[in-house]
Amino acid sequence: MTIREIALLIDGEVIGDENIHITSVAKIEEAKSGEISFVANPHYEKFLEATAASAVIVNRSADLSKHSKLPALIKVGDAYASFVIVLQKMNPQPELVLPGIHPTALIPPSTTIGKNCAIGPYVVFGERCSVGNNTKIFPGTIIGNSVRIGNDCLIYGNVTIREACFLGNRVIIQSGTVIGADGFGFVPKKDGSYMKIPQLGIVVLEDDVEIQANTCIDRATMGETRIKRGTKIDNLVQIAHNVVVGEDTVIAGTAGVAGSTKIGNRVMIGGNAAVTGHITVADRVNIAGHSGVTRSLEEGKTYFGYPAKEAGRGRRIEGALRQLPELLWTIRDLEERIKKLEEQIASVKK
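Since the structure is predicted, the reported quantities are computational estimates derived from the model, not experimental observations.

K.L.:
Give me the lowdown on the sheet that holds strand E12 (residues 142–143), citing residues and values where you can.
P.N.:
Hydrogen bonds between backbone atoms are what pair the strands of a sheet, whose relative direction is either parallel or antiparallel. Reading across the sheet, the nine strands line up as E9-E12-E15-E18-E23-E26-E29-E32-E35 and stay open at both edges, with parallel pairing between neighbours. Edge strands, defined here as strands with exactly one partner in the open sheet, are strand E9 (124–125) and strand E35 (292–293). Across two bridges, the pairing between strand E32 (residues 274–275) and E35 is parallel. Counterpart to alanine 274 in the pairing with E35 is glycine 292.

What follows is the structure in structure tokens.
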């Protein structure tokens with residue numbers, strides 16, 4: 001593609017030679033002639049003069065007047081998003097599973113498969129399942145009875161989708177993930193043992209949800225565990241029974257959400273954060289990594305720490321904690337002075 005063709009693809013304005021041919025993409029500090037890169041963070045503008053890239057995608061708002069030597073530029077509204085479009089265009093995904101149904105796949109007569117699907121080797125379906133059009137299911141996946149899968153889904157190898165769960169359209173599930181395992185429900189008995197609570201509900205993944213590798217989303221005790229439209233969940237995340245996660249929320253790796261908690265829309269949960277059960281996290285909340293959420297959180301605020309505190313208050317507490325050693329010495333000094341004053345007063349009274 002030429003720089004001009006790329007600019008048309010991402011609605012960009014070219015500064016420089018628009019006829020240069022681009023063959024691949026690269027990081028700006030490693031790019032070579034014939035490659036295109038991007039700068040979205042001002043921290044990386046320092047590489048603009050030294051890069052060997054033939055073209056760089058930059059934000060229209062970027063102030064580049066201080067640079068004397070620049071490659072060809074494509075100015076856009078959002079450099080990062082535009083670079084992702086170019087990356088996808090120049091690096092189309094290969095067909096990792098062939099169209100059609102592999103002869104080793106086990107599909108009972110009661111299960112229906114849509115048009116243009118690809119079902120890989122050793123995929124096992126239960127009874128009464130349905131799969132929409134253009135969906136791809138990779139080798140070794142197990143799908144329980146009465147599971148419904150929408151159109152244009154991508155389910156990688158060794159995924160397990162338990163009975164009666166529902167997947168919308170364009171859902172992506174990475175390898176090793178388990179959808180619809182039993183929730184962690186047990187009743188303690190008088191003898192110290194535990195009685196299992198039947199887990200009778202399902203999991204619903206709405207349209208455009210993506211679940212990364214080795215994540216577990218438990219089925220509801222009754223009703224639904226629901227992940228709403230557009231939400232993205234990273235590797236090794238635990239979502240417990242009856243949790244509801246709102247639209248366009250992102251949850252980073254090794255985070256955990258306990259049972260019956262409600263997560264709002266456009267929430268961001270950092271890696272290794274823990275959210276307790278039976279609370280509500282309102283819309284547009286940001287939870288920093290390693291935080292422990294023990295109570296409901298208010299809309300649009302940022303929280304961090306354990307227990308998680310609103311960012312402004314949390315910073316004040318952290319600042320006070322750093323001063324504790326000096327404050328202890330001050331308190332001890334004041335105690336000594338007060339003691340001496342009391343002794344002096346006592347001696348005067350005598």
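K.L.:
Could you give an account of the pairing of strand E24 (residues 224–227), with specific residues and numbers?
P.N.:
Here E24 shows one buried face, formed by Thr225 and Ile227, and one open face, formed by Glu224 and Arg226. Of the strand pairs in this sheet, strand E21 (residues 202–205) and E24 are connected by four bridges, and their pairing is parallel. Looking at E24, one finds that valine 203 is bridged to threonine 225. Pairing between E24 and strand E27 (residues 244–245): two bridges, direction parallel. Residue pairing in the sheet places isoleucine 227 in a bridge with valine 245 of E27.

K.L.:
Describe in detail the pattern of salt bridges, supporting the description with residues and values.
P.N.:
The final tally for this structure, using the stated rule, is 16 salt bridges. In this structure, the salt-bridge partner of arginine 162 is glutamate 163, at a minimum N-O distance of 2.9 Å. With a relative accessible area of 25%, arginine 162 lands in the partly exposed category. Glutamate 163 gets classed as partly exposed once you look at its relative accessible area, which sits at 30%. Across the pair arginine 229 and glutamate 247 runs a salt bridge, and its minimum N-O distance is 3.2 Å. In this pair, arginine 229 is assigned in the loop between E24 and strand E25 (232–233) and glutamate 247 in the loop between E27 and strand E28 (250–251), connecting sequence segments 18 residues apart. Accessibility expressed as a relative area gives 30% for arginine 229, which makes it partly exposed. If you follow the salt bridges from partner to partner, you end up with Arg162, Glu163, Asp182 and Lys196 in one network.

K.L.:
I'd like to hear about the environment of serine 175, residue by residue, with values.
P.N.:
As for its position among the elements, serine 175 is in the loop between strand E17 (172–173) and strand E18 (178–181). Along the sequence, serine 175 and glycine 289 sit 114 residues apart, while their C-alpha atoms lie 24 Å from each other. In this structure serine 175 touches Tyr156, Gly157, Val159, Ala213 and Asn214, once residues within four positions along its chain are discounted. Among the polar contacts listed, one links the side chain of serine 175 to the backbone oxygen of glycine 157, at a separation of 3.2 Å.

K.L.:
Which residues make up the nonpolar core, and what values go with them?
P.N.:
Formed by 49 residues in total, the largest nonpolar core has its most connected members in Ile149, Ile161 and Leu205. Residues contacting isoleucine 149, with those up to four places away along its chain left out, are Ser130, Val131, Gly132, Thr135, Ile137, Ile143, Ile155, Ile161 and Leu167. With 16 residues, the next largest nonpolar core counts Ile10, Ala55, Ile57 and Ala79 among its residues.

Rules behind the numbers
- Residues numbered from 1 in each chain as written.
- Predicted model: local features only at pLDDT ≥ 70, side-chain atom pairs only at ≥ 80, totals over all residues.
- Heavy atoms only, no water.
- Pairing = 2+ DSSP bridges.
- Helix = DSSP H or I, 4+ residues; strand = E, 2+ residues; numbered from the N terminus.
- Buried < 20%, exposed > 50% of the residue type's maximum accessible area, 1.4 Å probe, protein only.
- Salt bridge = Lys/Arg side-chain N within 4 Å of Asp/Glu carboxyl O.
- Contact = heavy atoms within 4.5 Å.
- Polar contact = N/O pair within 3.5 Å; in protein donor to acceptor, adjacent residues only side chain to side chain.
- Core = buried A, V, L, I, M, F, W, Y, C linked by side-chain atoms within 4.5 Å.

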